[in-house]
Amino acid sequence: MKPLVPVILAGGVGSRLWPLSRALFSKPFHALFGERTLLQNTVLRAHKATQRRPIIVCNEDNRFLVAEQLRSIGVAWEHIVLEPEGRNTAPAIALAAHMALGDTDDSRLLILPADHLVEDEAGFVEAVEMAADASEGGAVVTFGVRPTRPETGYGYIELEAEGRQGVQPIRSFVEKPDQQRARAFSDSGRHLWNSGMFLTDARIALTEIAAHSAHIGEAVAASVREGRSDLDFFRPSNTFLQSPAISFDVAVMEKTARAAVLPVDFGWSDIGSWESVLEATGVDGQGNCFAGDVLPLDVEDTLIHADHRLVSAIGVGRLIIVETADAVLVADRGRAQDVTNLVARLKGSGRSEHLLHPEVFRPWGSYEVVARGERYQAKRLRIKPGARISLQKHRQRAEHWVVVRGAAEVTRDDEIFTLRENESTYIPIGVKHRLGNAGNQMLEIVEVQVGSYLGEDDIVRFEDRYGRTTD
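The structure reproduced in this document is the subject of the present report.

Definitions and cut-offs
- Residues numbered from 1 in each chain as written.
- Predicted model: local features only at pLDDT ≥ 70, side-chain atom pairs only at ≥ 80, totals over all residues.
- Heavy atoms only, no water.
- Core = buried A, V, L, I, M, F, W, Y, C linked by side-chain atoms within 4.5 Å.
- Buried < 20%, exposed > 50% of the residue type's maximum accessible area, 1.4 Å probe, protein only.
- Helix = DSSP H or I, 4+ residues; strand = E, 2+ residues; numbered from the N terminus.
- Contact = heavy atoms within 4.5 Å.
- Phe/Tyr/Trp six-rings, centres within 6.5 Å; stacked < 30°, edge-to-face > 60°.
- Axes fitted to C-alpha atoms, helices over the stretch in contact; angles between N-to-C directions.
- Parallel < 35°, antiparallel > 145°, perpendicular 65-115°, else oblique.
- Left-handed = near helix turned anticlockwise from the far one by under 90°.
- Pairing = 2+ DSSP bridges.

Concerning the nonpolar core
Working step 1: Ranked by size, the top nonpolar core spans 66 residues in total, and within it Ile80, Leu110, Phe124, Phe143 and Leu435 carry the most contacts.
Working step 2: Top contributing element to this core by residue count: helix H4 (residues 121-135), with 6 residues.
Working step 3: Residues in contact with leucine 435, not counting those within four places in the same chain, are Leu381, Ile383, Arg388, Ile389, Trp401, Ala408, Glu409, Val410 and Ile445.
Working step 4: The next biggest cluster of nonpolar side chains, apart from the first, holds 41 residues, and it includes Val57, Val140, Leu206 and Ile246.

Put into structure tokens, the structure is as follows:
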């Protein structure tokens, strides 16, 4: 039997979960349910079903987050493939298929979005086994979830007949419906939610992409041939960008004669909105879902998510309230799907709140801007044990470093010395410098930057263990 390789698609933004999910720290990397992130749970679930190392397809900007989150749960990967820019699921699946076939003469792919919730893992494993059997006969199998309510946020799959079990033909794919049609689909017994999960032979996936969307197949194949390995990652060439942005459903499943669906019921949700977070988490006796430091008074049917400070609410109902370090969302629950429109307005206005959080993660740790003014800004740096930033200099700013916790190994031109708690140093403009963690605990630094320009692109890098050209 051909090996079954898990493919985890981690390139989405999850804009409907703003302000928590952002382009450079998106939904898969958050722990919404328990201690593990959605990505970590997906990888572990896939491993139970396949017992093989995953192929992860993700955005260039999230590469170190992916690697760190897999390391922290003790999971090795086969490949982390970096899309130069997101092009939806069809090109991503083509990338993964090429990588899988580069490892073995033949293999099958279990394709899973990184940001979904599955409550019944035993049921999931059983469904994968059934779909794998069907794929041996050449079927491209998708998993269709039996609806539990009218849902306008999902696409639907229409079955040939009601009540059949096991892998079966698909009559049609239906786009996201309005409320009236969603209610009819939910009651029909012939419609399933389209989960976006697939199981298929890797060669068949590429053959079907070439047959029905040749422009995708050609661009992706060339990008893999021209690509290169870089530390822990594989980088396809920019020829990948010649592929249109299109989903695997539209590019292949709606056209191929091989399409089939397995009806499943293993507690699935794509966590596509704050409303779905509320439904997956559960509610109290007043229909509320609270996370973080929340003080309610006469509140009902409301989700409140507090990340950084106390959030109080009085006499409100059917609201979504989400607080982060730099943004607060207040929305009617009936408008949960419209958060993506708000994010589009943020992006169009040139603001940065759609892109990143105040705390920005790097392979060596993280930094957070804590104060900013004319010609200065202050940051908190957190550097992991054994890690260090690149050897670099700045053309337009000087830096002052104060050690708050831990021991720092400082390089300043030809000097190398250690700073301990409550000690400080000064890095003039144009001086080569580097910070490293010389201890076995997290190193915390307060960095005050002063100069005419304070952007992150004012870095001339001389040496970097992480292979970066930009920080």
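Brief notes about the packing of aromatic side chains
Working step 1: If you walk through the whole model with that rule in mind, you get 9 aromatic pairs.
Working step 2: Where phenylalanine 25 meets phenylalanine 361, the ring centres are 4.9 Å apart and the plane angle is 75°; that geometry is what we call edge-to-face. Of the two residues, phenylalanine 25 is situated in the loop between strand E1 (4-10) and helix H1 (38-50) and phenylalanine 361 in strand E20 (residues 359-362); the sequence distance between them amounts to 336 residues.
Working step 3: The exposure class assigned to phenylalanine 25 is buried, which follows from its relative accessible area of 12%.
Working step 4: When the centroid spacing of 5.7 Å and the interplanar angle of 80° are considered together, the rings of phenylalanine 64 and phenylalanine 233 count as edge-to-face. Linking phenylalanine 64 in helix H2 (residues 63-72) with phenylalanine 233 in strand E11 (residues 233-235), this pair joins segments that are 169 residues apart in sequence. Across the pair, exposure class does not vary: phenylalanine 64 and phenylalanine 233 are buried alike.
Working step 5: Members of the aromatic cluster, joined through ring pairs, are Phe64, Phe233 and Tyr466.

Here's the deal with the packing of helix H3 (residues 89-103) against helix H7 (residues 214-225)
Working step 1: Remark: H3 packs on H7, axes separated minimally by 9 Å, with the N-to-C direction vectors making an angle of 45°. It follows from the interaxial angle that H3 and H7 lie oblique. The handedness of the crossing between H3 and H7 is right-handed. Residue-level inspection shows Ala90, Pro91, Ala94, Leu95, His98 and Met99 of H3 in contact with H7, the latter providing Ile216, Val220, Ala221, Ser223 and Val224.

Considering the pairing of strand E25 (residues 408-412)
Working step 1: For E25, the buried fraction is high: 4 of the 5 residues fall into the buried class.
Working step 2: By the bridge criterion, 5 bridges tie E25 to strand E26 (residues 415-419) in an arrangement that is antiparallel. Opposite valine 410, over in E26, you have phenylalanine 417 as the bridge partner.
Working step 3: Both E25 and strand E28 (residues 433-437) contribute to a ladder of 5 bridges, which runs antiparallel. By the bridge assignment, glutamate 409 is partnered in E28 with glycine 436.

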